[in-house]
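Secondary and tertiary structure notes
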Amino acid sequence: MFDATLRPVVDAVMMPVARQLARWGVSANQVTVFGGFMGLAAVVSIIFDALMIGLVFILINRLVDGLDGAVARVSGASDFGGSLDIVVDFIFYSSIPFAFALNDPANGVAACFLMFSFIGTATSFLAFAIIAAKRGISSESRGKKSFYHLGGLTEGTETIILLCLMTLMPSYFAILAVVFGVLCWITTAMRIGDAFRMFSSD
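In this report, the structure presented in the accompanying data block is examined. Please read these numbers as outputs of a predicted model, since none were measured by experiment.

With that settled, consider the overall build of the chain. Summing up its helical and strand segments, the chain has seven helices and zero strands in all. Reading the chain from its N end, one meets helices and strands in the order α-α-α-α-α-α-α. Every one of the 202 residues in the chain was classed for burial, and the buried ones make up 44%. A sequence separation of at least 24 residues applies to 78% of the contacts in the chain between residues at least 6 apart. Of the accessible surface of the chain, which amounts to about 10,400 Å², a share of 72% is contributed by carbon and sulfur atoms.

Next up on the list: the packing of aromatic side chains. In total, this model carries seven aromatic pairs according to the counting rule given. Ring plane angle 50° and centroid distance 6.5 Å describe the contact between Tyr93 and Phe118, whose orientation is recorded as tilted. Of this pair, Tyr93 sits in helix 4 (residues 79-103) while Phe118 sits in helix 5 (residues 108-134), placing them 25 residues apart in sequence. Taken together, the ring pairs connect Phe92, Tyr93, Phe118 and Phe180 into an aromatic cluster.

This part is about the side chain of Ser117. With respect to the helices and strands, Ser117 occurs in helix 5. Engagement of the side chain of Ser117 in a polar contact is seen with the backbone oxygen of Phe113, the distance being 2.8 Å. Residues in contact with Ser117, not counting those within four places in the same chain, are Gly181, Cys184 and Trp185.

Attention shifts here to the nonpolar core. The biggest cluster of nonpolar side chains holds 23 residues, and the ones touching the most others in it are Ile96, Leu163 and Met166. Taken together, the elements giving at least two residues each to this core come down to helix 2 (28-47), helix 3 (51-75), helix 4, helix 5, helix 6 (156-168) and helix 7 (173-199). Ranked by the residues each element gives to this core, the list is headed by helix 4, at six residues. Among residues more than four places away in sequence, those in contact with Ile96 are Ala42, Val43, Ile46, Ile58 and Leu163. Of all hydrophobic cores here, the second largest spans eleven residues; its members include Met14, Val31, Val64 and Ala70.

Attention now goes to the pattern of salt bridges. Per the counting criterion, the structure on display carries three salt bridges. Arg62 is the salt-bridge partner of Asp65, the closest N and O atoms lying 3.3 Å from each other. With Asp65 and Arg62 both in helix 3 and three residues apart, the pair spans about one turn of that helix. Residue classification places Arg62 among the buried residues on the basis of a relative accessible area of 9%. Put simply, Arg62 and Asp89 hold a salt bridge, and the shortest N to O gap is 3.1 Å. One end of the pair, Arg62, is in helix 3; the other, Asp89, is in helix 4, and 27 residues separate them in sequence.

Before going further, it helps to examine the environment of Ser27. Tracing the backbone through its elements, the reader meets Ser27 in the loop between helix 1 (3-23) and helix 2. Looking at Ser27, the relative accessible area reads 28%, which means it is partly exposed.

On to the environment of Val43. Of note, Val43 is situated in helix 2. Judged by its relative accessible area of 9%, Val43 is buried. In sequence terms Val43 and Phe57 are 14 residues apart; their C-alpha atoms lie 8.7 Å from each other. Apart from the residues within four sequence positions on either side, Val43 is in contact with Ser95, Ile96 and Ala99.

What counts, and at which threshold
- By convention here, each chain's residues receive numbers from 1 onward along its written sequence.
- Reporting of local features is limited, given that this is a predicted model, to residues whose pLDDT is at least 70; pairs of side-chain atoms are given and counted only at 80 or more, and all residues count toward the totals for whole chains, interfaces and linings.
- The basis for every side-chain value is the complete set of non-hydrogen atoms in the structure, without hydrogens or water.
- Helix and strand assignments come from DSSP, with helices taken as H or I runs of at least 4 residues and strands as E runs of at least 2, each series counted from the N terminus.
- The buried label goes to any residue with under 20% of its type's maximum accessible area, the exposed label to any with over 50%, and the partly exposed label to all in between, with areas taken from a 1.4 Å probe on protein chains only.
- The criterion used for residue contact is that any of the two residues' heavy atoms lie within 4.5 Å.
- To measure how exposed things are, a 1.4 Å probe is used in the Shrake-Rupley method; for residues, cover is taken only from the protein chains shown.
- Stacked, edge-to-face and tilted are the three classes for Phe, Tyr and Trp ring pairs, Trp counted by its six-membered ring, which pair at centre distances within 6.5 Å; planes under 30 degrees apart are stacked, over 60 edge-to-face, the rest tilted.
- Polar contacts here mean pairs of N or O atoms no more than 3.5 Å apart (in protein, one a potential hydrogen donor and the other a potential acceptor; neighbouring residues in sequence count only if both atoms are side-chain atoms).
- Joining through side-chain atoms within 4.5 Å is the link that ties buried Ala, Val, Leu, Ile, Met, Phe, Trp, Tyr and Cys residues into a set, and such a set is a nonpolar core.
- The salt bridge criterion pairs a side-chain nitrogen of Lys or Arg with a carboxyl oxygen of Asp or Glu, the two atoms within 4 Å.

Here it is, written out as structure tokens:
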């Protein structure tokens, strides 16, 4: 919901750093992999109840996720890089609820519901992108991307806020997970509606 609005601010902050990394020979894929390891560190931290350390790793992961795209725009984007980025992102998003379930089994049902809901947003997002690419439809409202990024109530910004709130208020994990899961299903329905309006003419 807020990704398009925040994109110019993110780009303004990330591009100078990206240019320096590119001058040092750091590739976008290396940045993506580093971010993946930061996400894994967040998972381990949460499992062992080091929630504030987990929060730091979550924030690093998300900052790096913004940085890899900026490096790609400087040094040259690749189809593999775009694919790797989205795979690492979706694994990271689902890994944090999983970590909270391992931290406290009482969170298990809510964590499962949230991961189930992420499947709806992920598949509706990727399915739209596949057909949009097939039809040559593109958009740069969320910055220059490897493929079409369809919006909704639960985009990247909202998910970052959710994950941070979970680490700051772990006793509210179940409530946060269920509420956000419901919003994910609303987003999924919205995306299906967008797909119907744009692709049903055949």
